[in-house]
Amino acid sequence: MRRFLVFCIVLLAGISTFSFEADFQFTQNFYDSVFPNKIRVGLDHSYNDFEFTAALYASNDGKYQSSMGDYYKGYYFFLDKGGLIFTPDKLSLSFGRLSHKDEVDSPYSLFISSNYLPAVIGDIRFEDTVFFYNSRWIRLNVRSSCGYPDRGANYKTYGLKFGNIRFGFQDSTVYVGRSFDEEHFLSPIPGFFTQYVNTSQGKPWSATGDENSIMGFFMDYRDSLSYYYWQILVDDLNVNRFMFPDRYQNPDKIAWSLGGNKQTVIGKIGFYHAGSTKYTFEPSGGAAVDTKYGYTYYPDTVYTADSKERALEYEDNYIGFKYGENTAAFILNYANTFDRFSLYADCEYRVSGSKSPANPWQEYLTWDQGGQGTHFLDESILEKAFLSRIKLSTVLYGLKLSAGCDLGMIFNKLELTDIPPEYYNSAVNKIKYFKPSSNNESILKFHLSLEYNLNLL
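How each quantity is defined
- Residues numbered from 1 in each chain as written.
- Predicted model: local features only at pLDDT ≥ 70, side-chain atom pairs only at ≥ 80, totals over all residues.
- Heavy atoms only, no water.
- Helix = DSSP H or I, 4+ residues; strand = E, 2+ residues; numbered from the N terminus.
- Buried < 20%, exposed > 50% of the residue type's maximum accessible area, 1.4 Å probe, protein only.
- Core = buried A, V, L, I, M, F, W, Y, C linked by side-chain atoms within 4.5 Å.
- Contact = heavy atoms within 4.5 Å.
- pLDDT = per-residue confidence, 0-100.
- 1 Å grid on protein atoms, 1.4 Å probe; cavity = no way out; pocket = protein on both sides within 12 Å on 5 of 7 lines; lining within 4 Å.
- Points joined across faces, edges and corners; volume = space filled by probe spheres on them.
- Nonpolar A, V, L, I, M, F, W, Y, C, P; charged D, E, K, R; others polar.

**A closer look at unusual backbone geometry**
So, point 1. If you check the backbone angles, Asp 89 has positive phi at about 55° while not being a glycine.
So, point 2. The topology assignment puts Asp 89 in the loop between strand E4 (76-86) and strand E5 (91-99).
So, point 3. Residue class for Asp 89 comes out exposed when judged on its relative accessible area of 71%.
So, point 4. Phi at Tyr 116 takes a positive value of approximately 50°, unusual for a residue other than glycine.
So, point 5. Following the sequence through the fold, Tyr 116 ends up in the loop between E5 and strand E6 (118-127).

**Some remarks on the nonpolar core**
So, point 1. Core analysis: the largest hydrophobic core is formed by 38 residues, its most contacted members being Tyr 108, Ile 138, Tyr 295 and Ile 319.
So, point 2. By residue number, the principal contributor to this core is strand E11 (residues 226-236), which donates three residues.
So, point 3. For Ile 138, the contacting residues outside a window of four places in its chain are His 100, Ile 112, Ala 119, Val 120, Ile 121, Gly 152, Ala 153, Tyr 155, Tyr 297 and Ile 319.
So, point 4. Within the second largest apolar cluster, seven residues are counted, among which are Tyr 148, Tyr 303, Ala 358 and Ile 431.

**Points about the confidence of the model for the protein chain**
So, point 1. Scored by pLDDT, the protein chain has a mean of 87; 89% of the residues are at 70 or more.
So, point 2. At the level of individual helices and strands, the protein chain shows its lowest average pLDDT in helix H1 (residues 2-14), which scores 37, and its highest in strand E13 (residues 267-276), which scores 98.
So, point 3. Low confidence marks residues 1-21, where pLDDT is under 50. Its contacts with residues over four positions away, or in another chain, come to 23 contacts.

**A few points about the layout of surface pockets**
So, point 1. Of the volumes computed, that of the second largest pocket is approximately 580 Å³.
So, point 2. Going through the elements one at a time, strand E3 (50-59), E4, E5, E6, strand E7 (131-139) and strand E10 (211-222) are the ones with two or more residues in the lining of the second largest pocket.
So, point 3. Top contributing element to the lining of the second largest pocket by residue count: E5, with four residues.
So, point 4. For the lining of the second largest pocket, the class distribution of residues is six nonpolar, nine polar and 13 charged.

Printed below as a string of structure tokens:
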């Protein structure tokens, strides 16, 4: 202990010209528990082009298994972030466990979830006055997690700027059997071509293993008072409708998003919409094959905690659009700052059908068992969610105070469902999928958050 204290004193003395900041966050949801739901501690340091950031939190929200049973009173620990960021001139390099985001600024972004889920990433970005390029490696499940193979993903953006307008191409690749692919990360060639060429047989360097590439485009406009965008993602298209209309018609697997916000005299008002067809983001497969290259962090919908099976919520699993496939969502939001207070409020409507982040073709063994052609919200029962949130925050003497409320109703709530016996196959679609149920859920939650930033040096 003495050696550790001496080391800390020497270290602090040696960096006394630097600046460290620590933040302590306390979050309480009074609806769930009288104890703090979340206690977060972070440490950040920046100097010129270098930034060091780290944070972890303890939570008793019941999402994951408590660390060491009752010893920590129901709390588990979670690594929120821990990374290094370098921003020399027009280049940006980020490495470590970090929250990451899409190129478009939207609550319904398609390639990277707007929930800003933390993941171990490596990110290279270049941007000048007319061109920008981003290559990002994303670690998915590794070390044979619960018997599943290692998986990884790469995300790229290529864009041009014309005044206030940007236009870009985006693509992502998920691969199985390895957690990192150096060529996908380092090469600026789009992932689709890298996958197609390297997996083609008949060459001595032909690669083996399952890969899947999705691609899309976006355009946005930004000025001092407004921001508008549209974005499209293509997982698979039915070309037969044009070339061979008399042959089988496989489903289109696409997603779209559009919207924006405007600063007015009464505050900033935004409206956004997004949707995705059935089977988008799912892995592919057949009667005896499950590629496991779905666009998710983990290739399952359940996990084990306290010796019980729990649902892995799809909003915590999708790499891209947070609501996943077979969904349409609309949100109207408002933000304003007056005196020392900041106000945010929104109203959201969402309708969803069945979805499976892990099974190819959901409960079916092959794509055509569910009917040829594209499917979108065509089930007899659909989940319908009406949600509203409000948050008020202020800063007093370095202490940030936030209070909020979530209010809503979910009809025919999506719940995990077993595969019907007539379609069950342990080699392919043994994993449960989300399906609208007969259950409804009301939501009423109150939140209080306290955050204090302390300048250590």
